[in-house]
Amino acid sequence: MLKSKMTRRRFLAATSTAVIAMPYVRGAHAAGKLSIGFWDHWVPGANNEPVDDIMTELIKQNGAVNPTVEYLAKSTGRWVAVPTCVGSQIKGPCSRIDLMKQLAGIDVQALYPAGSPPKAEAWTLDAMLKAAEACHKGGHPFGIGLGVTEDNVDTAGAIFQSFGAELVDPKGNVSVKTDAVRQALEYYKKLAQWLPPDAPAWDNASNNKYLISGRGALIMNPPSAWAVAKRDAPQVAEQLWTHGMPAGPHGRYAPFIPYFWGIWNFGKNKSAAKSLLVHLSQPSAIEKMVEASGGYDLPAFEKLTTLKVWAEEGPPKGTLYHYPNPHNHQILSVAAQPAPPKIAVQIYTQAIQTKMVVRFMQGEPLEQTLAWAETEVEGFMRT
């Protein structure tokens, strides 16, 4: 068991050296105060402060982390950041129990029973497409956005990966013009006809508002929309159920957005910063943070995905049980993975996948859409 003694003085000293970061984000400052930091190698020498010692012990204590965490926080075989539960999330489906049952004939609680492993073999991309059509015709479309912000990009990334569709492979080779990418776009075009007409203009708040208003039968989001509905629309909240993604030909992928703690290589209090990270990564500390967030925050370590908070939160009780992927029935991923991170960050921030979908759904020939995306990605490789 890792031990750490964290006094107030050591905490204050460490916070000038430790920094929290999210996937694919560079350093940023606002009003002279650090708001976001990035752990990867755009800052010269930023990878010269590895945290292998911390991660080795944390993995022994808390269990393994999923490959997406390794993909984002390892560089040249070394850990350069520690995953934190704060802000980390899975953006899977949050469905209306009543509307899915009445309009689409799908019992999401039976597919994902509280306290038990999923029984979701029938929950596939084809099943979701049929449900989207039924709910649209019933006056309650799925609230899946096609805009350029993170919620939209994360959903597109998971659906593309469910077809095995990569724009760039792990070695950095462009792979836009493949059958898998074509299949992903064909699927998305079919799905898009059953989404709200303004879906291409949606931002990160649009799906939340849509669900809370009572109009949507399903959105892709962590439990923030459900939490706001508890306060503002309790009659909606009591009908919400968070569950797993539909499976595609290549597997069942869920958008996982991990945040990380890192240590600036120019920091003056590195030993104190490491002690802080050890302290914040203890199971007792993590459980308190998860409880404080109402079950929103997700630990990356496998032994910490079955905390009691997810089974007990409600209404309805158990609505968040499957949110942390406790039975590992989904492959957690981030959009643009497995492209090399310096290329993936540009695919992600430029929302190439959702832009491809919108261009194709609005009538552009498929091969022209692929040619546009290929040109964009090739440009990223030169920058």
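Here the structure is a predicted model, which is why all the values come from computation and not from measurement. (Residues numbered from 1 in each chain as written. Predicted model: local features only at pLDDT ≥ 70, side-chain atom pairs only at ≥ 80, totals over all residues. Heavy atoms only, no water.)

Draft legend 1. Representation of the packing of helix α6 (residues 125-137) against helix α8 (residues 179-192) within the structure. Contact pair α6 / α8: the axes reach a minimum separation of 9 Å and the direction vectors enclose 20°. Taken together, the axis directions place α6 and α8 in an arrangement best described as roughly parallel. Once α6 is placed against α8, the crossing between them reads as left-handed. From α6, L125, D126, M128, L129 and A132 reach across to α8, where they touch Y187, K190 and L191. Here the residues of the contact of α6 with α8 are counted per class, giving six nonpolar, no polar and two charged. (Axes fitted to C-alpha atoms, helices over the stretch in contact; angles between N-to-C directions. Helix = DSSP H or I, 4+ residues; strand = E, 2+ residues; numbered from the N terminus. Parallel < 35°, antiparallel > 145°, perpendicular 65-115°, else oblique. Left-handed = near helix turned anticlockwise from the far one by under 90°. Contact = heavy atoms within 4.5 Å. Nonpolar A, V, L, I, M, F, W, Y, C, P; charged D, E, K, R; others polar.)

Draft legend 2. How the structure looks around the packing of aromatic side chains. For the structure shown, the criterion picks out four aromatic pairs. With centroids separated by 6.5 Å and ring planes inclined at 50°, the aromatic side chains of F160 and Y188 adopt a geometry described as tilted. Of the two residues, F160 sits in helix α7 (residues 150-162) while Y188 sits in helix α8, which places them 28 residues apart along the sequence. For F160, a relative accessible area of 0% corresponds to the buried category. We classify Y188 as buried; its relative accessible area is 1%. The ring of F360 has K189 sitting right over it, with the charged end atom 4.4 Å from the ring centre. (Phe/Tyr/Trp six-rings, centres within 6.5 Å; stacked < 30°, edge-to-face > 60°. Buried < 20%, exposed > 50% of the residue type's maximum accessible area, 1.4 Å probe, protein only. Lys NZ or Arg CZ within 6 Å of the ring centre and 35° of its normal.)

Draft legend 3. How the structure looks around helix α16 (residues 352-361). Across the 10 residues of α16, seven count as buried, placing the element largely inside the fold. Inspection of α16 places I352, Q353, T354, M356, V357, V358 and F360 among the buried residues, and these make up the whole buried set. The first or second residue beyond α16 is G363, which carries a positive phi of 115°.

Draft legend 4. Up close: the side chain of T84. Tracing the backbone shows T84 in strand β6 (residues 82-90). At 3.0 Å, the side chain of T84 and the side chain of W261 are in polar contact. (Polar contact = N/O pair within 3.5 Å; in protein donor to acceptor, adjacent residues only side chain to side chain.)

Draft legend 5. The nonpolar core, seen in detail. Ranked by size, the top nonpolar core spans 115 residues in total, and within it W123, M128, F142, L191 and M356 carry the most contacts. If sequence neighbours within four positions are ignored, W123 has contacts with M100, I106, L111, Y112, M128, L218, H243, G244, M245, P246, A247 and R252. (Core = buried A, V, L, I, M, F, W, Y, C linked by side-chain atoms within 4.5 Å.)

Draft legend 6. Quick peek at helix α10 (residues 224-232). Within α10, burial applies to A225, W226 and A229. Taken down its axis, α10 places every buried residue within 95° of arc, on the same side. Of the surrounding secondary structure, the elements contacted by the buried residues of α10 are α9 (206-212), β8 (218-220), α11 (234-237) and β9 (240-242). (Arc of directions from axis to C-beta.)

Draft legend 7. Up close: the packing of α16 against helix α17 (residues 366-381). Relative orientation of the contacting elements α16 and α17 amounts to 155°, with a least axis distance of 9 Å. Judged by the angle between their axes, α16 and α17 are roughly antiparallel. Our pair here, α16 against α17, has a crossing hand that is right-handed. Here I352, K355, M356, R359 and F360 of α16 come into contact with α17, specifically with L366, T369, L370, W372, A373, E376 and F380. Of the residues in the contact of α16 with α17, the class split is eight nonpolar, one polar and three charged.

Draft legend 8. The environment of M128, seen in detail. Positionally, M128 belongs in helix α6. Using a relative accessible area of 0% as the deciding quantity, one classes M128 as buried. Counting along the chain gives 14 residues from M128 to F142, while the straight-line C-alpha distance between them is 9.7 Å. Apart from residues no more than four positions distant in its own chain, M128 is found in contact with W123, F142, I144, I159, Y187, L191, M220 and P246.

Draft legend 9. Spatial organisation of the pairing of β6. Of all nine residues that make up β6, eight are buried, and the element is covered over most of its length. As paired strands, β6 and strand β10 (residues 253-263) are joined by five bridges and run antiparallel to one another. Note on β10: the bridge partner recorded for V82 is W261. (Pairing = 2+ DSSP bridges.)

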